[in-house]
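# Structure assessment
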Amino acid sequence: MSSSELLRVRGLSVAWEGRPVLDGVGLEVGRAEYVVLMGPNGSGKTTLLRQIAGLDPPGAGSISLRGRRIERVPPHRRGIGLLAQEVLLLPGRTVRENIAYGPEVAGLSSAEVDRRVEELLGLLRLTPLSERLPMQLSGGERQRVALARTLAPRPELVLLDEPLAAVDPELRGELRGELRRVFRELGVAAVHVTHDREEGLWMGDRVLVLLGGRLVEAGPPGEVHAHPHSVAVARFLGYSVLATPAGPRAVHPREVRLVPDGAGIAGRIAAIGPVGGEWLAEVALEEGGRIEVRGSGVAPYVPGERVHVRWEREVPLPPEEGPSPSPAQRG
Amino acid sequence: MRPRTGTVWILAPVLGFVALFALVPVVALIGEALAQQGAGGFVALIHDPLNLAALDNSLVQGGLSAAAAVAVGYPAGVFLGRYDWPGRGLVRAVLLVPFLLPSLVVVVGVEQLFGPGGPIGTALPFTGVFAHGLPGIVAVNVVFNVPLVVLLTAVGVESVPTALEESLATLGAPPARVYRDTWGPASWLGAAAGALLTFVFSALAFASPILLCGPRCSTLEVRIYALDQSFLDPAGAAFLAVLTVAVFLAPTLAYLVFVARLRSRPTAGERRGRAVPWRRPATLPMAAATLLLVAAVVTLLGEVVVRGFDAAAPGGAAGSALGYLFGPGAQATLGLSIVAAIGNTLVFAGSAAAIALLLGVVSGFLVRAGRRPAFGLSGVIYLPLLLSPIVLALALAGFWRPVLGGPSATWVLIVIAQSLLALPFALQGLSVALARVPRGYREGAQSLGASPFSAYLDAELPLARPALLTAAMFAFALGLGEFTATYFLATPATTTLTVALYRLSALRSPGPADAAAALLVLFSLAAFLVVELGGRRVEL
């Protein structure tokens, strides 16, 4: 174990009623590192977090924290914080009292409890809300209180299970920034689980991709995004996957351009519409297959219109096990 | 809960029913007693040593029964509500059975189990104390009421989302602290609600003090009955009824408040069942308490059925007691044939269920119309809980028998009494089920032009149909087992199976009484099966 390594998971396998949910998962998290675990719904992300937190009966394999095996350690003795998607604060306690819960349980002096609570109230800009009850808070405020409560016992590692999934889209961006700022300032490591690839790629120092209970991709966000190593990962990351005689190829919608007649592959706009501040079009290629195109400004075409597409970069992928992608020509 | 403008008229049937048949008769009862004897009669009443002894007996029997029911029921309720284990649903259903049984059957069963020749009394002679006297009364009260404690404790445990417990554990809280801060108080809220109702029901027990102990154990209910029927002192009975309502008002209201709090806990989120932690020291006593209760229920039912069908005809007559029960001998004793008594039982219970169903549909609308669905004006269905069966029967008979007149008055009053007494329990599950129907269904229907009431009927009620059927069957089962009010009101022609069983027991006619008890168990089990087949969990 390196001196900077905090968490190590080795060969973790979990099955429910004979069905494998995690299959030999291994990962490491360094001190103060913000790791994002991405994957579609049902890929085993939450199961992995619950194993690390000790909330489910241990599976096969090992989990170590600071070099010490913890599979049999009950959750309250692991020193690992958990921020769940479903924020459940103690209903009869104020914001301040909720944040103080962990330090109080740890038996800290009231002066130390107060000091930590004040620090977190300030850090998360909750001071004006400190005497409110949970039912008097908005969803975003409750999330910030839950984060403060999770951080108050000073865990070295915090697990975040889809922490922004239930937050309004307009608040999500603000909370993303807040999460990264707070973890960086406190030097706390995090494993952040999300099925939102943009959230994951934006937030992580390192990202891991979990598919079908297996860890299939790991690395810096830019690297993982630019070089998917399988058809499944490419699709999860938003690539269009085209079948070619040389094997599958991944093409990212941002790297596809609509070009004048004759300069690319012909197709028809199957669907087009605004996505955020951009437009997204799905083009049915005349030679088979479909490809997505993204662009800025106002959508320049209408469904059914004939267009030509072209791209500069494509990622070769190993053939997929099982059904192959639909045939297509490439430009 | 504040009903919306324009829907107040909907309240009329429910409020009207409860007011006409519960409140008005009780007020009239008090008024008549005051007119006859003045306030001096009330003062004399509370100085009567027999009344004071009845009060004392009620409080002692109620208190001991509630404490014992919690001691046995709380661990079982936690085991049932907190963990996932094979057969959990079946055990939950089995533990509900005693509440649906006529209390008289439980009396007969406890006597048979612990009495001379009974399987437990023979194997463990020291348990013979439970066959009679105060221990016997407490045993009957515990068996009859323990479902309240078990199921309400389980509701309390289930009201706390698993994720909240997990959050606190990851904050460093050990299991004992998590218990203290989350599911412990919720479980005790449920257990306290169950204990309060056990206290009230036990303190106002009627059959068990008479049959197992005699006059020295008379409760207030027994004393009211005696004043009215034996001492022909209706004013005294009325005053004592008022005293009874006053004494038990606080615990009954506390039960209602506790249940409302239990069902409107502010935390959200789902409860995931968890595996049984067999290694924890507290687990085995919880599992043992659950097993003990299930074994007690099954043994009691089995003993009553087997003994009832095995019993010989009385007085050396040939054949079985069951045959005797259906013959002319029993008809001469009871004043009607047992077939007619069964017919009465089914008609009364069926009619009571129909009324409960109708009121359930209407009060369900109140549940949906309000902002706080669990309590409020829909609480009118709980008003009958404030009246004991004897007080209700006394008031109904005093006010309505002269008004209705004629031979049909008795069965009408029995049906009304049974439906009023069943309402609070039968409609609880419906109320909970309706509260869980998303408001979007009604809003969608209203956006298409439906009135609030037709939106409720067309869009929401169909989603609660299983709960509605369960409510009706639960009311039927409770009516089937109702004894005290029915006994007070019944004439020989309107005798039901429970009343027949009581008369046979009081005549010390064990064979036919055992056979009648066995028949009642079979009817109750059939009703229980239908309740279960309704597919909706019964809520107490």
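Residues numbered from 1 in each chain as written. Chains lettered and ligands numbered in written order. Predicted model: local features only at pLDDT ≥ 70, side-chain atom pairs only at ≥ 80, totals over all residues. Heavy atoms only, no water.

### Examining the overall build of chain B
- When you go through chain B residue by residue, the secondary structure sums to 24 helices and 2 strands.
- Taken over C-alpha atoms, the radius of gyration comes to 23 Å for chain B, in line with the 24 Å a tight globule of 540 residues would show.
- Referenced to the eigenvectors of the C-alpha coordinate spread, the extents of chain B come out at roughly 70 × 60 × 45 Å.
- Going through the 540 residues of chain B one by one, you find that 58% of them count as buried. (Helix = DSSP H or I, 4+ residues; strand = E, 2+ residues; numbered from the N terminus. Rg over C-alpha atoms; globule rule 2.2 N^0.38 Å. Buried < 20%, exposed > 50% of the residue type's maximum accessible area, 1.4 Å probe, protein only.)

### Comments concerning the pattern of salt bridges
All names here are of chain A.
- One pass over the structure, following the stated rule, counts 36 salt bridges over all chains.
- Arg116 is paired through a salt bridge with Glu112; the nearest N and O atoms lie 3.1 Å apart. Of the two residues, Arg116 and Glu112 are both situated in helix α3 (residues 110–123); the distance of 4 residues between them amounts to about one turn of the helix.
- Residues Arg180 and Asp205 are paired through a salt bridge, measuring 2.8 Å at the closest nitrogen-oxygen approach. One end of the pair, Arg180, is in helix α5 (residues 169–186); the other, Asp205, is in the loop between α6 (197–203) and β9 (206–211), and 25 residues separate them in sequence.
- Residue classification places Arg180 among the buried positions, given a relative accessible area of 9%.
- A network of salt bridges, in which partner residues are shared, links Arg125, Arg144, Glu178, Arg181 and Glu185. (Salt bridge = Lys/Arg side-chain N within 4 Å of Asp/Glu carboxyl O.)

### Some points on the packing of aromatic side chains
All names here are of chain B.
- The final tally for this structure, using the stated rule, is 20 aromatic pairs over all chains.
- Arranged with centres 3.8 Å apart and planes meeting at 10°, the rings of Tyr74 and Trp188 form a pair that is stacked. Residue Tyr74 is found in helix α2 (residues 49–82), and its partner Trp188 is found in helix α9 (residues 183–203); the two are separated by 114 residues along the sequence.
- On the accessibility criterion, Tyr74 (10% relative accessible area) is buried.
- Look at Trp188 and you get partly exposed, because its relative accessible area is 39%.
- Pairwise contacts between aromatic rings join Phe206, Tyr225, Phe483, Tyr487, Phe488 and Tyr502 into one cluster. (Phe/Tyr/Trp six-rings, centres within 6.5 Å; stacked < 30°, edge-to-face > 60°.)

### Remarks on the pairing of strand β12 (residues 247–251) of chain A
All names here are of chain A.
- Burial analysis of β12 places 5 of its 5 residues in the buried class, the great majority of the element.
- Bridge count between strand β11 (residues 240–244) and β12: 5 bridges; the pairing is antiparallel. Bridging across to β12, Ser240 finds its partner in Val251.
- Taken together, the 2 bridges between β12 and strand β18 (residues 315–316) define a ladder with antiparallel strand orientation. Residue pairing in the sheet places Ala250 in a bridge with Val315 of β18. (Pairing = 2+ DSSP bridges.)

### Describing the domain arrangement of chain A
Residues and elements named next belong to chain A.
- Assigned domains of chain A: these are domain 1 (5–226) and domain 2 (231–316).
- The gap between the C-alpha centroids of domain 1 and domain 2 is 36 Å.
- At the junction of the two partners, domain 1 supplies 14 residues and domain 2 supplies 12 residues.
- Together, the buried faces of domain 1 and domain 2 total about 920 Å²; carbon and sulfur atoms form 64% of this surface.
- For the interface between domain 1 and domain 2, the tally reads 0 salt bridges.
- Where domain 1 packs against domain 2, one counts 4 residue pairs in polar contact (both at pLDDT 80 or more).
- Among the secondary structure elements, those contributing two or more residues to the side of domain 1 that touches domain 2 are α6, β9, β10 (214–219) and α7 (221–226).
- Across the side of domain 1 that touches domain 2, the residue classes tally to 8 nonpolar, 3 polar and 3 charged. (Domains from an automatic or database assignment. Contact = heavy atoms within 4.5 Å. Buried area = accessible area lost by both parts, 1.4 Å probe. Polar contact = N/O pair within 3.5 Å; in protein donor to acceptor, adjacent residues only side chain to side chain. Nonpolar A, V, L, I, M, F, W, Y, C, P; charged D, E, K, R; others polar.)

### Quick word on the nonpolar core
- Core analysis: the biggest nonpolar cluster contains 190 residues, and Tyr255, Leu420, Phe425 and Leu501 of chain B have the highest contact counts within it.
- Counting 49 residues, the second-largest nonpolar core is a separate cluster that includes Met38, Leu137, Leu160 and Leu179 of chain A. (Core = buried A, V, L, I, M, F, W, Y, C linked by side-chain atoms within 4.5 Å.)

### Some thoughts on the interface of chain A and chain B
- Contacts between chain A and chain B engage 22 residues on the former and 22 residues on the latter.
- At the boundary of chain A with chain B, total buried surface from both sides reaches about 1,800 Å², with 64% on carbon and sulfur atoms.
- The three residues of chain A that bury the most area against chain B are His76, Leu88 and Tyr101 of chain A, which together make up 33% of that side's buried surface.
- In this assembly, chain A and chain B are joined by 1 salt bridge.
- The salt bridge partner of Arg50 of chain A is Glu166 of chain B, with a shortest N-O separation of 2.6 Å.

### Some thoughts on the domain arrangement of chain B
Residues and elements named next belong to chain B.
- What the domain assignment lists for chain B is domain 1 (30–265 + 280–310) and domain 2 (313–540).
- Relative to domain 2, the C-alpha centre of domain 1 lies at a distance of 20 Å.
- In this assembly, 52 residues from domain 1 lie in contact with 44 residues from domain 2.
- Interface area, domain 1 with domain 2, both sides summed: about 4,300 Å², of which 76% is carbon and sulfur.

### Points about the sheet that holds strand β4 (residues 60–65) of chain A
Residues and elements named next belong to chain A.
- Here 4 strands make up an open sheet; going across it, the order is β2-β1-β4-β5 and the pairing antiparallel. Each edge of the sheet is formed by a strand with only one pairing partner; in this case those strands are β2 (19–30) and β5 (68–69).
- Taken together, the 8 bridges between strand β1 (residues 5–16) and β2 define a ladder with antiparallel strand orientation. Bridge assignment links Val14 to a residue of β2, and that residue is Leu22.
- Those strands touched by helix α1 (residues 45–53) are β1, β2 and β4, and its axis lies near 120° from that of β1. (Axes fitted to C-alpha atoms, helices over the stretch in contact; angles between N-to-C directions.)

### Overview of the environment of Ala356 of chain B
All names here are of chain B.
- Tracing the chain through its elements places Ala356 in helix α16 (residues 338–369).
- Note: C-alpha distance between Ala356 and Phe474 (118 residues apart in sequence) is 9.6 Å.
- In this structure Ala356 touches Leu423, Leu427 and Ala475, once residues within four positions along its chain are discounted.

### Observations concerning unusual backbone geometry
- Even without being glycine, Ala32 of chain A reaches a positive phi, approximately 60°.
- Mapped onto the fold, Ala32 of chain A is located in the loop between β2 and β3 (34–38).
- Take Ala32 of chain A: its relative accessible area is 41%, and that puts it in the partly exposed class.
- Positive phi outside glycine occurs at Leu232 of chain B, with the angle close to 50°.

### Concerning the sheet that holds strand β16 (residues 290–296) of chain A
All names here are of chain A.
- Strand order in the open sheet made by the 5 strands is β13-β17-β14-β15-β16, with antiparallel pairing throughout. Either end of the sheet is taken by a strand with one partner, and the two such strands are β13 (256–259) and β16. Across the sheet, the axes of successive neighbouring strands diverge by a mean angle of 45°, strand direction being ignored.
- Both strand β15 (residues 278–285) and β16 contribute to a ladder of 7 bridges, which runs antiparallel. Bridging from a neighbouring strand, Glu282 pairs with Glu292 of β16.

### Some thoughts on α5 of chain A
Residue and element names in this part refer to chain A.
- Here α5 spans 26 Å end to end across 18 residues, near enough to the 26 Å set by a 1.5 Å rise per residue.
- If you check which residues of α5 are buried, you get Leu175, Arg176, Glu178, Leu179, Arg180, Val182 and Phe183.
- Just past α5, the residue Gly187 takes up positive phi, approximately 65°. (Expected span 1.5 Å × (residues − 1).)

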